[in-house]
Structures are given as structure tokens and as C-alpha cells.
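Okay, here's what each chain looks like letter by letter:
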Amino acid sequence: MIESIKDLLQKEAQAVLNIPITDAYEKAVNLIIEQIHIKKGKLVTSGMGKAGQIAMNIATTFCSTGTPAYFLHPSEAQHGDLGIVRKNDVMLLISNSGKTRELLELVELTRGLVPEMQFIVITGNPDSPLAAEATICLPTGAPKEVCPLGLTPTTSTTVMTVIGDLLVVGTMKRINFGYPDYAKRHHGSRLPRCRNMERYIH
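Numbering of residues starts from 1 in every chain and runs along the sequence as written. Predicted model: local features are reported for residues with pLDDT of at least 70 only, side-chain atom pairs are reported and counted for 80 or more only, and whole-chain, interface and lining totals are derived from all residues. The side-chain numbers reported here are obtained from all heavy atoms of the structure, hydrogens and water having been left aside.

Describing the environment of leucine 93
As for its position among the elements, leucine 93 is in strand β3 (residues 90-95). Any residue under 20% of the maximum accessible area for its type is buried, any over 50% is exposed, and the rest in between are partly exposed; the area is computed with a 1.4 Å probe on protein chains only. Residue classification places leucine 93 among the buried positions, given a relative accessible area of 0%. Separated by 46 residues in sequence, leucine 93 and glycine 47 have C-alpha atoms that sit 5.9 Å apart. Residues count as neighbours in contact if any of their non-hydrogen atoms are within 4.5 Å of one another. Once you skip the residues sitting within four places of it in the chain, leucine 93 turns out to touch Ser46, Leu103, Leu106, Val107, Phe119, Ile120, Val121, Ile122 and Leu130. Per the convention used, a helix needs a DSSP run of H or I reaching at least four residues, while a strand needs a run of E reaching at least two, with both numbered from the N terminus.

Take a look at the structure:
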């Protein structure tokens, strides 16, 4: 059992290290800065199933670190929730296959409402239909799932989460998001005490 766990950890770690890193990350952060922090739009994330859960987590992490973000369920979007989308927003879409029907439909519907919408796409298939719609595509490297069936989203969701972290941290650095900013968004009594935070959490 111990050896099996070590093997799984090694495969997941290697998948993270194999994420393709290009200037697309800088372009994605620049787009987020321009549209959200300069033009006062927001980041709208979306995905189906496990990818949707990752998209939701990315949205909440962006919110807690100074970048307004909202998770939009692609199916609910087709029943009125698309109304949250406005000019100057940016959409971040996540799909391992890049063929998720609901996301492709979301792109079409969004362009009907906001024709100039720009899309950041995280996908395991940079040659997919969804990637073709992207302003900026961030490939995951399409790692093999550590699931013994090779089907359950495991390694793929790990790298999606890490890519989201890269975008969040890159944006935090660009906007100089610091301890006072963090404290304003979190209940002081729940924050861990540390030397740098102490003066901000009372």
C-alpha cells in the first residue's frame, strides 16, 4: 500500500511538472488585469462536472485575493443565469476534452450577448473545438489519470487546479495584493496568527 501511494504521488507530481509553460500565462494575467482591474469587469469561470468544481474553486480563490470572480454553471446559463455576464468581463472555461457540449453552447450564447467577450480556456486538448474558440489557451499537458481505469478525473483535475493557482498568484503579484487586503476579506478571528498578519486582523 505504501509503495502504491508513493507511485501515485510521483505520477501526480510529474504531471504538474509537465504542465506546458509558455507566454500564454503572462498574456492571461495581462488580460485579467486589463479587463477586471482596469476596465472593472469580472472573471466568470465555468465547467461541467469535476472541471466545474475546479472552476468554482478558482473563482472563490480569485475573489478572496482581490479579483472579482463568479462561477457560472453552463446549464443554468442557458436558463437565464447568463444575464450575469457584462461587457469587460473575461470568461475562464475548463474542459479536459475541450469538447464539452455545454461549454461550446455557452460560448455561442455568450457571444450573442457580449460579442467581444474574451475566453481563457484550460484544456487537455489544445486542438479541440473549445480551444479553437479561446483568446488564450492553457494546455494541461493531458496527463494520464492515476485512476486504475484511466477514466476518473484525478490527475487531470490536479493540473487544472495548479493552473488556476498560477493565474491567481500571478494576478496577486501584479496588483500588489498584500496582508491588509487579505485581512479585509477574511474574518479576523478565524485567520491564523503570524507576525505579518497580526496588526491587520484586529
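Now, onward.
Focus on the packing of aromatic side chains
For this analysis, a ring pair means two rings from Phe, Tyr or Trp (six-membered ring only for Trp) whose centres lie within 6.5 Å, classed as stacked if their planes differ by under 30 degrees, edge-to-face if by over 60, and tilted for the remaining angles. According to the stated counting rule, one finds one aromatic pair in the structure shown. Seen in terms of ring centroids, phenylalanine 177 and tyrosine 182 are 6.5 Å apart; in terms of plane orientation they differ by 80°. Their pairing is edge-to-face. Residue phenylalanine 177 is classed as buried on the basis of its relative accessible area of 13%. Using a relative accessible area of 30% as the deciding quantity, one classes tyrosine 182 as partly exposed.

Notes on the pairing of β3
A large share of β3 lies buried, amounting to six of its six residues. Neither face of β3 is exposed, since Val90, Leu92 and Ile94 on one face and Met91, Leu93 and Ser95 on the opposite face are all buried. Whether two strands pair comes down to DSSP finding at least two bridges between them. Direction of pairing for strand β1 (residues 43-47) relative to β3: parallel, over a ladder of five bridges. Of the residues in β3, the one forming a bridge with serine 46 is leucine 93. Pairing of β3 with strand β4 (residues 118-123) involves six bridges; the strand directions are parallel. Residue pairing in the sheet places isoleucine 94 in a bridge with isoleucine 122 of β4. Classification remark: right-handed applies to a crossover when, strands pointing away from the viewer, the course from the first strand over the helix to the second runs clockwise. At this point the chain moves from β3, through helix α5 (residues 101-113), to the parallel β4, and the crossover so formed is right-handed.

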